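Spelled out from the first residue to the last, the chains are:
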Amino acid sequence: MLSTRYRTALVTGASAGLGAAFVRRLRAEGVVVWGTARNEVRLAEWAEDEGFHAVVLDLEDEAGAAMAYNRASAEAAGFDLVINNAGYGRFARFTKEDFAAWRTQVEAMLITPMRLAHLAVAEMLTRDRGCLVNVASLATEFPLPLMTGYNVVKAGLSALSESLQIETKGTGVSVIDFRPGDYRTDFNTAMMPPASPPDSIPAAVAGDALAAGCWTVLEKNLRAAPRPEKAASDLAVALRRGHRGVWRSGGWFQATAAPFLMRFAPSSLGRWVQWRYLGVR
């Protein structure tokens with residue numbers, strides 16, 4: 001049981017997708033979980049669970065997020081496990097989107113998680129135990145087309161994990177750079193305006209052959225991808241082993257074959273294969 005190693009955990013973005021799967025797995029293994037969402041109503045699934053504590057936390061409010069973390073940590077008497085998971089995608093050509101949108105995404109998905117990591121690791125080091133999981137993405141290795149902000153923040157989270165692995169070497173604190181590939185979640189629909197019909201596509205796709213092709217492949221890959229419970233199971237294996245460093249998760253081709261092949265392929269060939277796979281023609 002993971003609860004023998006991790007008494008308490010904080011999971012950001014706990015209301016859906018991978019975050020919700022992480023919470024369900026941790027609760028099944030006896031870990032007491034504080035899960036975050038922008039609105040407490042979105043955490044209603046666990047309203048009757050005494051081992052789950054809802055935390056209202058908005059990544060776009062860095063100071064408020066830090067305050068919410070500190071309150072939750074005090075209530076938990078410190079977290080043994082913190083999973084930096086929350087985030088979102090934005091699908092558009094870089095120059096066609098107002099730059100303020102990219103700034104908001106980077107601040108919400110990189111700067112605020114860095115602030116939470118700063119708080120978490122400092123606290124763990126005082127107790128000489130604990131684990132920080134930064135949920136990056138295989139986009140760190142294989143950037144997704146027309147998702148510049150997402151690629152930047154995920155690469156940044158991986159760099160943060162690498163830096164912290166050096167700083168925590170020789171301590172009881174571990175850092176995992178968790179890199180999931182495609183999973184069958186509402187990731188695509190989350191990139192759409194709230195009032196969009198379920199079969200709609202981003203405005204960025206209209207009249208843009210490159211964007212249309214990439215969006216079609218993205219949707220196809222997500223429909224064929226594993227369920228988020230696999231990501232939770234993969235992370236549980238890493239946690240149970242006390243792993244430090246990169247841990248990939250997803251379908252066999254994305255998480256195992258592609259990274260292995262890219263180690264040996266010339267960069268130009270690797271990029272050509274990657275672009276074809278992602279619908280870039």
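Higher on the page you've got the structure.
Keep in mind it's a predicted model, so treat the numbers as computed, not measured.

(A) Quick look at the packing of aromatic side chains. Going through the model one piece at a time under the given rule, you end up with nine aromatic pairs. Taking the centre distance of 5.2 Å and the plane angle of 65 degrees together, the rings of F260 and F264 count as edge-to-face. Owing to a relative accessible area of 46%, F260 belongs among the partly exposed residues under this scheme. Through a chain of ring-to-ring contacts, three or more aromatic side chains come together here, namely W34, Y69 and F79.

(B) Quick peek at the pairing of strand β6 (residues 173–180). Counting buried positions along β6 yields eight of eight residues, so the element is predominantly enclosed. Along β6, one buried face is formed by V173, V175, D177 and R179 and the opposite face, lined by S174, I176, F178 and P180, is buried too. With six bridges connecting them, strand β5 (residues 130–135) and β6 associate as parallel partners. Paired with L132 across the two strands is V175, which belongs to β6. In this fold, β5 hands off to helix α4 (residues 148–167), which returns the chain to β6; that crossover is right-handed.

(C) How the structure looks around the environment of W272. By secondary structure assignment, the location of W272 is in helix α9 (residues 267–277). For W272, a relative accessible area of 53% puts it in the exposed group. C-alpha separation for the pair W272 and V55, spaced 217 residues apart in sequence, amounts to 44 Å.

(D) Focus on the packing of helix α1 (residues 17–28) against helix α7 (residues 228–240). For the pair α1 and α7, the least separation of the axes is 8 Å and the interaxial angle reads 55 degrees. Viewed along their axes, α1 and α7 adopt a mutual orientation that is oblique. Seen from above, α1 lies across α7 with right-handed handedness. Contact with α1, carried on its side by G17, L18, A21, F22, R24 and R25, involves P228, E229, A231, A232, S233, L235, A236 and R240 of α7 and no other residues of that element.

(E) Inspection of helix α6 (residues 209–224) at higher detail. Compared with an ideal rise of 1.5 Å per residue, which puts 16 residues at 22 Å, α6 spans 23 Å between its outermost C-alpha atoms and is within 8% of the ideal. Three or more residues of α6 are buried, namely A211, C214, W215, V217, L218, N221 and L222. Buried residues of α6, seen end-on, are gathered within an arc of 165 degrees and therefore sit on one face of the element. The outward face of α6, more than 90 degrees from its buried face, is lined by the exposed residues A209, K220, R223 and A224.

(F) Just helix α3 (residues 99–127), in detail. Its 29 residues place the ends of α3 41 Å apart at the C-alpha level, agreeing with the 42 Å of an ideal helix rising 1.5 Å per residue. Most pronounced at E107, the bend in α3 amounts to some 35 degrees. The opening residue of α3, the one whose side-chain oxygen lies 2.9 Å from the backbone nitrogen of A100, is D98. Taken from the residues just after α3, D128 is the one with a positive phi, measuring 60 degrees.

(G) A look at the nonpolar core. The biggest cluster of nonpolar side chains holds 44 residues, and the ones touching the most others in it are F79, V82 and F91. Of all the secondary structure elements, the ones that give two or more residues to this core are α2 (62–76), α3, α4, β6 and α6. Sort the elements by how many residues they give to this core and α3 lands first, with eight residues. In this structure V82 touches L10, Y69, A120, M124, C131, L132 and V133, once residues within four positions along its chain are discounted. Counting 32 residues, the second largest nonpolar core, distinct from the first, contains A9, V31, L43 and W46.

Rules used in this analysis
Residues numbered from 1 in each chain as written. Predicted model: local features only at pLDDT ≥ 70, side-chain atom pairs only at ≥ 80, totals over all residues. Heavy atoms only, no water. Phe/Tyr/Trp six-rings, centres within 6.5 Å; stacked < 30°, edge-to-face > 60°. Buried < 20%, exposed > 50% of the residue type's maximum accessible area, 1.4 Å probe, protein only. Helix = DSSP H or I, 4+ residues; strand = E, 2+ residues; numbered from the N terminus. Pairing = 2+ DSSP bridges. Right-handed = clockwise from strand over helix to strand, strands pointing away. Axes fitted to C-alpha atoms, helices over the stretch in contact; angles between N-to-C directions. Parallel < 35°, antiparallel > 145°, perpendicular 65-115°, else oblique. Left-handed = near helix turned anticlockwise from the far one by under 90°. Contact = heavy atoms within 4.5 Å. Expected span 1.5 Å × (residues − 1). Arc of directions from axis to C-beta. Bend = angle between axes of the 7 residues up to and from the residue. Polar contact = N/O pair within 3.5 Å; in protein donor to acceptor, adjacent residues only side chain to side chain. Core = buried A, V, L, I, M, F, W, Y, C linked by side-chain atoms within 4.5 Å.

Purely geometric stuff here, so don't read any function into it on its own.
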